[in-house]
Amino acid sequence: MQALAPPTVSVNTLIPTVAAKGYGLLSASSVAEWAGCSLDALHKLSADWNHMPPDNYLKDGGRYRRRRHSSFVFEHNALHAVPHRAHWQSLDYNALHGGMERWFEPMQAHTVNTPTWTQLLTALAHTASQVRGTPDTKWCIEAHQFRIDTTDGIGRPTPEGAHRDGVDFVAVFMVNRTDIKGGETRVFEANGPRGERFTLSEPWSLMLLDDTRVIHETTPIQPEQDGGWRDTLVVTLRADGFLDAPVVTR
């Protein structure tokens, strides 16, 4: 089956597209324009996806996912890292891995301290504020580096299935895909009949989702040659506070 190209838009039409449809996509050159950096600077980040630690929380018994996770706050037009914290989702949004604190290794300092990283997250925060029409929003941001490989013959980018993340916005940057087939992205209206499918393939292209309005998933990947993988950067934005495990009182 021939892969369907993503329906990318221009930088100038990203915000109205997300406002109208609940999602929008940019090509890699448009991402560089949108973030105010060069394509070369984006590609220099990609090496940090090599040699990541395994995800030891997979409940399906798989060995196909490696990841890192770090958190940030964007407030008063400035980005700040926050102390390392657990990633937590409720069972309402992640029936497979929700309800537990997952402690992943943090992202490498040489990545998050680059001007390019600050430019990317600043562009996301500004875009989110413009879509919402709330220029002074404090955005709590979680960044996840993923490598899904074909160690087990199949890799699952979204083992929890079609889902929302319980945040305001989700950004998925395609970092690289090598020697694989599959990995088709599917986006559906949360409260309507419309859906769309396509395959993200261009390194540093972007899919931006309004998580309050759409559901998304990515189909499993299989190797075309030994050692195939799919690298992504997933960044979530939530207004005014992080998702944290509820405090249990006795």
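Let me begin by describing the structure that accompanies this report. What you are looking at is a predicted structure, and each value in this text was computed from that prediction instead of being measured. (Residues numbered from 1 in each chain as written. Predicted model: local features only at pLDDT ≥ 70, side-chain atom pairs only at ≥ 80, totals over all residues. Heavy atoms only, no water.)

## What about the pattern of salt bridges?
One pass over the structure, following the stated rule, counts twelve salt bridges. Residues Lys21 and Glu196 are paired through a salt bridge, measuring 3.5 Å at the closest nitrogen-oxygen approach. Here Lys21 is found in helix H1 (residues 11–21), whereas its partner Glu196 is found in strand E8 (residues 195–198), with 175 residues between them in sequence. For Glu196, a relative accessible area of 24% translates into the label partly exposed. The salt bridge involving Arg194 is made with Glu189; its shortest N-O contact spans 3.7 Å. For Arg194, a relative accessible area of 38% corresponds to the partly exposed category. (Salt bridge = Lys/Arg side-chain N within 4 Å of Asp/Glu carboxyl O. Helix = DSSP H or I, 4+ residues; strand = E, 2+ residues; numbered from the N terminus. Buried < 20%, exposed > 50% of the residue type's maximum accessible area, 1.4 Å probe, protein only.)

## Brief notes about the sheet that holds strand E10 (residues 214–218)
The sheet built from three strands is open, its strands ordered E8-E7-E10 with antiparallel pairing. If you trace the sheet from one side to the other, it starts and ends with E8 and E10, each paired once. Each strand of the sheet is rotated relative to its neighbour by a mean of 15°, with strand direction disregarded. Direction of pairing for strand E7 (residues 185–189) relative to E10: antiparallel, over a ladder of five bridges. Along E10, the bridge assignment pairs Thr185 with Thr218. (Pairing = 2+ DSSP bridges. Axes fitted to C-alpha atoms, helices over the stretch in contact; angles between N-to-C directions.)

## Points about the packing of aromatic side chains
Tallied over the entire structure, the rule returns five aromatic pairs. Between Trp49 and Trp204, the ring centres sit 6.0 Å apart and the planes meet at 85°, which makes this aromatic pair edge-to-face. On the criterion of sequence distance, the pair formed by Trp49 in the loop between helix H3 (39–45) and strand E2 (65–75) and Trp204 in the loop between E8 and strand E9 (205–210) is long-range, its members being 155 residues apart. According to the relative accessible area criterion, Trp204 is buried, its value standing at 0%. Between Phe72 and Trp117, the aromatic rings sit 5.8 Å apart at their centres with planes inclined by 50°, giving tilted as the arrangement. Here Phe72, found in strand E2, pairs with Trp117, found in helix H5 (residues 115–132); they are 45 residues apart in sequence, far enough to count as distant. Grouping residues by exposure puts Phe72 and Trp117 together as buried. Three or more aromatic residues link up through ring pairs in this structure, and these residues are Trp49, Phe173 and Trp204. In this structure, Arg67 packs its charged tip against the face of Phe104, placed 4.0 Å from the ring centre. Sitting above the plane of the Phe242 ring, Arg85 keeps its charged end 4.1 Å from the centroid. (Phe/Tyr/Trp six-rings, centres within 6.5 Å; stacked < 30°, edge-to-face > 60°. Lys NZ or Arg CZ within 6 Å of the ring centre and 35° of its normal.)

## Some remarks on the packing of H1 against H5
Where H1 contacts H5, the axes come no closer than 9 Å and their chain directions differ by 50°. Regarding the angle of H1 to H5, the classification is oblique. The two elements H1 and H5 cross, and the hand of that crossing is right-handed. Together, Leu14, Ile15, Val18 and Ala19 of H1 and Thr127, Gln130 and Val131 of H5 make up the contact between the two elements. (Parallel < 35°, antiparallel > 145°, perpendicular 65-115°, else oblique. Left-handed = near helix turned anticlockwise from the far one by under 90°. Contact = heavy atoms within 4.5 Å.)

## A word on the environment of Lys21
For Lys21, a relative accessible area of 24% corresponds to the partly exposed category. Spatially, the C-alpha atom of Lys21 lies 9.2 Å from that of Leu209, the residues being 188 residues apart in sequence. Dropping the residues within four chain positions of it, Lys21 is found in contact with Arg194, Glu196, Arg213 and Val214. A polar contact of 3.5 Å, which involves the side chain of Lys21, links it to the side chain of Glu196. (Polar contact = N/O pair within 3.5 Å; in protein donor to acceptor, adjacent residues only side chain to side chain.)

## Quick look at the nonpolar core
Judged by nonpolar contacts, the single largest core of 40 residues is most densely connected at Trp34, Leu120, Phe173 and Trp204. A total of eight residues in this core trace back to one element, the largest contributor, which is H5. Counting 16 residues, the second-largest nonpolar core is a separate cluster that includes Tyr23, Leu25, Val214 and Leu243. (Core = buried A, V, L, I, M, F, W, Y, C linked by side-chain atoms within 4.5 Å.)

## Quick notes on unusual backbone geometry
Of note in this structure, His51 is not a glycine but carries a positive phi near 65°. Looking at His51, the relative accessible area reads 77%, which means it is exposed. One non-glycine residue, Asn77, lies in the positive phi region at around 60°. Note that Asn77 resides in the loop between E2 and strand E3 (78–81). Judged by relative accessible area, Asn77 falls into the exposed class, the value being 56%.

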